[in-house]
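Residues per chain, in single letters:
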Amino acid sequence: MQSHLLRTWLLALLVVAVWFGSVELDRPWRVVPASAPADSFSAARAETTLRRLLGSQQPHPLSSEQNAALRARILAEFASLGIPATTYRAFTCNTWLGFGFVPCATVTDILAEVLPGPGKAVVMMAHYDSVPAGPGASDDAAGVAAVLEAARALRAGRPGGPKGAPAAARHPVLALLTDGEEAGLLGARAFLQSPELRGRAGAVVNLEARGTNGPSLLFQTSPGDARLIDLYAAQVPLRDTSSLYSEVYRHLPNDTDLTLFIRAGIASFNFAFVGNERYYHSPLDRRAELSAASLQMQGDNLLGVVRGLEQTSYTDLSGGNAIYLSIFDRLLPRLPEGWALPLAIVAFVALAVASALARSAFAGSAFDALWMPPALLAAALAVGLLLAWMAQQLSGMPDPTYAYPTATRLALAAGLWAVTLAVSRAVGVRTAAAGAWLWLSGLGILVAALLPGLSPYFLFPSLVAAVLLLVTARAPGGWSGRWGQLALLLAGLSALIVWIGLAAGIESLLGLRLEALFISTAAFGVLTLVPLLAAHPSSRSGARASIGTSAAVALAAGIVAGLLPAYNARSPQRIDLIYYQSPTAAHWIVDSSWRLQRAEPIARALITAGHLRRRRLALPGLGIDDAYVGPAVASRLPLPSASVTIATAAPAALPAAASPEPTAPQPLRTVTLQLHGSPDTDAMILDIPAAAHLRAIDIGQQHLVVPQAWHRATRLACESRDCRDATVTLTVAGSLSELPLVEERYGLPTFGADLAASRPPTAMPSQSGDEVMLANVLHVPGGP
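Residues numbered from 1 in each chain as written. Predicted model: local features only at pLDDT ≥ 70, side-chain atom pairs only at ≥ 80, totals over all residues. Heavy atoms only, no water.

1. Some points on the packing of helix α2 (residues 43–54) against helix α10 (residues 292–310)
Logical step 1: Closest axis-to-axis distance for the α2/α10 pair is 9 Å, and the angle between their directions is 105 degrees. Taken together, α2 and α10 sit at an angle that is classed as roughly perpendicular. Only A292, L295 and Q296 of α10 make contact with α2, whose side of the interface consists of A43, A46 and E47.
Logical step 2: Of the residues belonging to the contact of α2 with α10, the class tally is four nonpolar, one polar and one charged. (Axes fitted to C-alpha atoms, helices over the stretch in contact; angles between N-to-C directions. Helix = DSSP H or I, 4+ residues; strand = E, 2+ residues; numbered from the N terminus. Parallel < 35°, antiparallel > 145°, perpendicular 65-115°, else oblique. Contact = heavy atoms within 4.5 Å. Nonpolar A, V, L, I, M, F, W, Y, C, P; charged D, E, K, R; others polar.)

2. Some remarks on the pairing of strand β11 (residues 576–581)
A regular strand places its side chains on the two faces of the sheet in alternate fashion.
Logical step 1: Counted residue by residue, β11 has six buried out of six residues, so it is predominantly covered.
Logical step 2: Here β11 shows no split at all, with D576, I578 and Y580 on one side and L577, Y579 and Q581 on the other all buried.
Logical step 3: Connecting β11 to the antiparallel partner strand β12 (residues 586–591) that follows it, the hairpin turn spans four residues.
Logical step 4: Two elements, β11 and strand β24 (residues 771–779), share four bridges in a ladder whose sense is parallel. Paired with Q581 across the two strands is L774, which belongs to β24. (Buried < 20%, exposed > 50% of the residue type's maximum accessible area, 1.4 Å probe, protein only. Pairing = 2+ DSSP bridges.)

3. Comments concerning the environment of P476
Logical step 1: With respect to the helices, strands and loops of the structure, P476 is situated in the loop between α15 (456–472) and α16 (482–510).
Logical step 2: On the basis of relative accessible area, P476 is assigned to the exposed category, the value being 67%.
Logical step 3: Considering only alpha carbons, one finds P476 and Q581, 105 residues apart in sequence, at a separation of 81 Å.

4. Re the state of the cysteines
Covalent bonding between the sulfur atoms of two cysteines defines a disulfide.
Logical step 1: Going through the model one piece at a time under the given rule, you end up with two disulfides.
Logical step 2: Each disulfide pairs two cysteine sulfurs, and for C718 the partner residue is C723, the sulfurs being separated by 1.9 Å. As the torsion about the S-S bond is roughly -65 degrees, the C718-C723 disulfide counts as left-handed. Each member of the pair, C718 together with C723, is buried.
Logical step 3: Listing the disulfide partners of the protein chain by sequence rank of the bonded cysteines yields 1-2, 3-4. (Disulfide = S-S within 2.5 Å.)

5. Focus on the pattern of salt bridges
Logical step 1: The full count for this structure, using the stated rule, is 19 salt bridges.
Logical step 2: Each member of the salt-bridge network shares a partner with another, and the members are R614, R616, D625 and D626. (Salt bridge = Lys/Arg side-chain N within 4 Å of Asp/Glu carboxyl O.)

6. Examining the packing of aromatic side chains
Logical step 1: Per the counting criterion, the structure on display carries 14 aromatic pairs.
Logical step 2: Pairing F269 with F271 gives two aromatic rings, centres 6.5 Å apart and planes at 5 degrees, and the pair type is stacked. Of the two residues, F269 and F271, neither departs from the other in class, the shared state being buried.
Logical step 3: The ring of Y279 carries the charged tip of R278 above its face, separated from the ring centre by 5.1 Å.
Logical step 4: Above the plane of the ring of W594 lies R574, whose end atom (NZ or CZ) is 4.0 Å from the centre. (Phe/Tyr/Trp six-rings, centres within 6.5 Å; stacked < 30°, edge-to-face > 60°. Lys NZ or Arg CZ within 6 Å of the ring centre and 35° of its normal.)

7. Side note on a nonpolar patch on the surface
Logical step 1: A cluster of nonpolar side chains, L341, I345, V349, V353, L357 and L470, forms an exposed patch at the surface whose accessible area comes to about 420 Å².
Logical step 2: Of the residues forming the nonpolar patch, the biggest block, five residues, is contributed by helix α11 (residues 340–357).
Logical step 3: Following the sequence through the fold, L357 ends up in helix α11. (Patch = residues over 30% accessible without salt bridge, like charges linked within 9 Å, V, L, I, M, F, W, Y side chains within 5 Å. Areas by Shrake-Rupley, 256 points an atom, 1.4 Å probe, with all protein chains shown as cover.)

8. Focus on the environment of A151
Logical step 1: Assignment of secondary structure puts A151 in helix α4 (residues 137–156).
Logical step 2: As for A151 and F78, which are separated by 73 residues in sequence, their C-alpha atoms are 8.8 Å apart.
Logical step 3: In this view, A151 contacts I83, V114 and M124; residues no more than four positions away in its chain are not counted.

9. A look at the sheet that holds strand β18 (residues 694–699)
Logical step 1: Across the sheet, five strands lie side by side as β15-β16-β21-β18-β19; this open sheet has antiparallel pairing. The sheet terminates laterally at β15 (641–649) and β19 (702–705), the two strands that pair on one side only. Between one strand and the next, the sheet's axes are offset by a mean angle of 15 degrees, whatever the strand orientation.
Logical step 2: Direction of pairing for strand β16 (residues 668–676) relative to strand β21 (residues 727–732): antiparallel, over a ladder of six bridges. Within the sheet, the bridge partner assigned to T672 lies in β21 and is T729.

10. Notes on the packing of helix α14 (residues 429–450) against α15
Logical step 1: Where α14 contacts α15, the axes come no closer than 9 Å and their chain directions differ by 140 degrees. Here α15 runs oblique to α14, going by the angle between their axes. Between α14 and α15 the crossing geometry is left-handed. Residues W437, L440, S441, L443, G444 and V447 of α14 form the contact with α15, whose participating residues are F458, P461, S462, A465 and L469.
Logical step 2: Here the contact of α14 with α15 is composed, by residue class, of eight nonpolar, three polar and no charged. (Left-handed = near helix turned anticlockwise from the far one by under 90°.)

11. Brief notes about the nonpolar core
Logical step 1: Counting 76 residues, the largest nonpolar core has M372, W417, W437, Y457, L469, W479 and W499 as its most contacted members.
Logical step 2: Among the elements that take part in this core, α16 stands out by supplying 12 residues, more than any other.
Logical step 3: Non-local contacts of W499, meaning those with residues more than four positions away in its chain, are made with L440, Y457, F458, T521, F524 and G525.
Logical step 4: Counting 61 residues, the second-largest nonpolar core is a separate cluster that includes V114, M124, A226 and F269. (Core = buried A, V, L, I, M, F, W, Y, C linked by side-chain atoms within 4.5 Å.)

12. Overview of the confidence of the model for the protein chain
Logical step 1: With 94% of its residues at a pLDDT of 70 or more, the protein chain has an overall mean of 92.
Logical step 2: Of the regions scoring below 50 in pLDDT, residues 160–167 engages in 10 contacts with residues more than four places distant in sequence or in other chains.
Logical step 3: pLDDT under 50 marks residues 656–660. Its contacts with residues more than four places away, or in other chains, come to six contacts. (pLDDT = per-residue confidence, 0-100.)

13. What about the environment of R51?
Logical step 1: Mapped onto the secondary structure, R51 falls in helix α2.
Logical step 2: Judged by relative accessible area, R51 falls into the partly exposed class, the value being 43%.
Logical step 3: Measuring from C-alpha to C-alpha, the distance between R51 and E771 comes to 28 Å, with 720 residues separating the pair along the chain.

14. Examining α16
Logical step 1: Between the first and last C-alpha of α16 there are 41 Å, a value that for 29 residues agrees with the 42 Å anticipated at 1.5 Å per step.
Logical step 2: A positive backbone phi angle near 75 degrees is found at G511, which sits one or two residues after α16. (Expected span 1.5 Å × (residues − 1).)

Dropping the structure here:
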């Protein structure tokens, strides 16, 4: 009994050790000093550049004075390196998400000839604009500084050094620093809508950030990435990637500039660090929070991949997809995607044969092997949801883990361990081994067929287990003997490394608010330890104390998690204050929905100061429908307006829409709006109702044809300051009598100072930050 208890807690320590190993070994640590050789990337040099670029660390959103000042400093940095740099200014619109939301703006991109030459270039890309709420030190000024440092290193690595003319490489290298990424990937769209510039891009390496620290992840590649991954593995010192990242990213609503290049069929790499997401798009995204080691890894990735690309034929980059998974940032096992399903079947068959060959005095029934894994996974999920619900009830907040995640992490880990011990009491060694590995390898077949990017997490441990369990199936004592137990330990360790590492990565990216995903992922790893925890019936009674201890720790930690404050000054709640004025009323709107897409409870002092109450909203120009709302003094600011001109358009004058079937000609009208905003305008928004049956938008020489099948509302957001007097022409086939027009200004008016002072120190603005929204209704003559 004592030996079994010792084994129980030694295995628990193994799980903890793998967790810490996953966190610590994945944490970048290397920082190259400024005294390093000139042809290497130095985070110390990049940090010095970043300090010059950011200056007083003011937000620099699209079209702002701070944006223009940063652009001038970037051009000066390129000039100091002897690199020719120019700007490309254009008005553009982006319909990459369809016509529900159409952003437009005048943007100014920066292009620098790092290594000039003929042919298509290797493009180093980052964006230099920030969100209005924060200075964007990590997102994405750090990317700009990394591009500048990599450009310097590339020039220094050519014969003649930094003062001489660089020798011609196989491909030229171009730096592209885009504007308006935060407004809707507009700088990238402007680059690609120019045939001349688009024709210059042969491959692209993009730098992004969704946090301030952590490893630089290769989280997205262009399709057919097998040779791209081979190049990446050969060129960088540390590797942190997974085919799962690209698989998941394809199904998320998130995008970066690289999305448009991938859609254009250009070979692409996307790197980002995502640790400490608490400061993403906020006033706390400052230089002091940026990890130098993360910047170093980001730069190493950029420089290494670019050097590999500039000496590789673009035709050699095409090929099939791969499945891959980095281990502790050092190893990167990978296979062609086409091998995933056959190998998954081979692993399953091999494990089935091993199970048949194994002999043990403690062999159980096939039914036990069948129910044990899903029972463990279901019970773990239930425990995780229960602990999260308990903490939420105690806290009164939807995510009580945000500021102090340790208690919740401990609660979930202890709860999972209690479930694992309870399940292990009911099965024998052979039954548990057969059940765990046949389920894991069987799911591997399903995943390889439907979601191949996820398959390494099932396939790689299953292949390890298949070899080890086949070899020891007929060893003395079978899997209960010394060699069998060692085989089960090594196989389980391979699964732990993969699945606990994934759970640690999920927490780094998303926190613990998705507790079901976190605990389910970890459960796949500890499932493979059940054969080592299963024991002779005479030893099982000793597990009761371990189960009780684990359950008690889970309960106590869950209670502590619920009693701790959800937010603090270092991990503040995101709360934006909006002054919203219409022709009939004015309101204060407090938005706390950024993280969970629904309003969170806010401080009582803020509710009192603004006379706020929570309510549902449906207001023009506003992107939220759940917020705290209070009265404000109306008619303080002039509303936007527009001159409206109506004309009849012949159906033949409209270019053919993308419709698979011919449709009868419809009477069309053009509604031309000459917008009139104030000098303080940052954006103008038009909400075009579905009943208008929008067919085309003309703005700033952009002609956007709406598909015939589109029958929903459209929000047109013109997001640069010149939009205050833009001319917009809408071609409509339906009824349009009223058209909401909203002027957006960043920052609060002076009469909002008292409300802003009521925002507690445990809260901050984020994304667009505090703002003014002035809504008017345009009356369209002749409608409907």
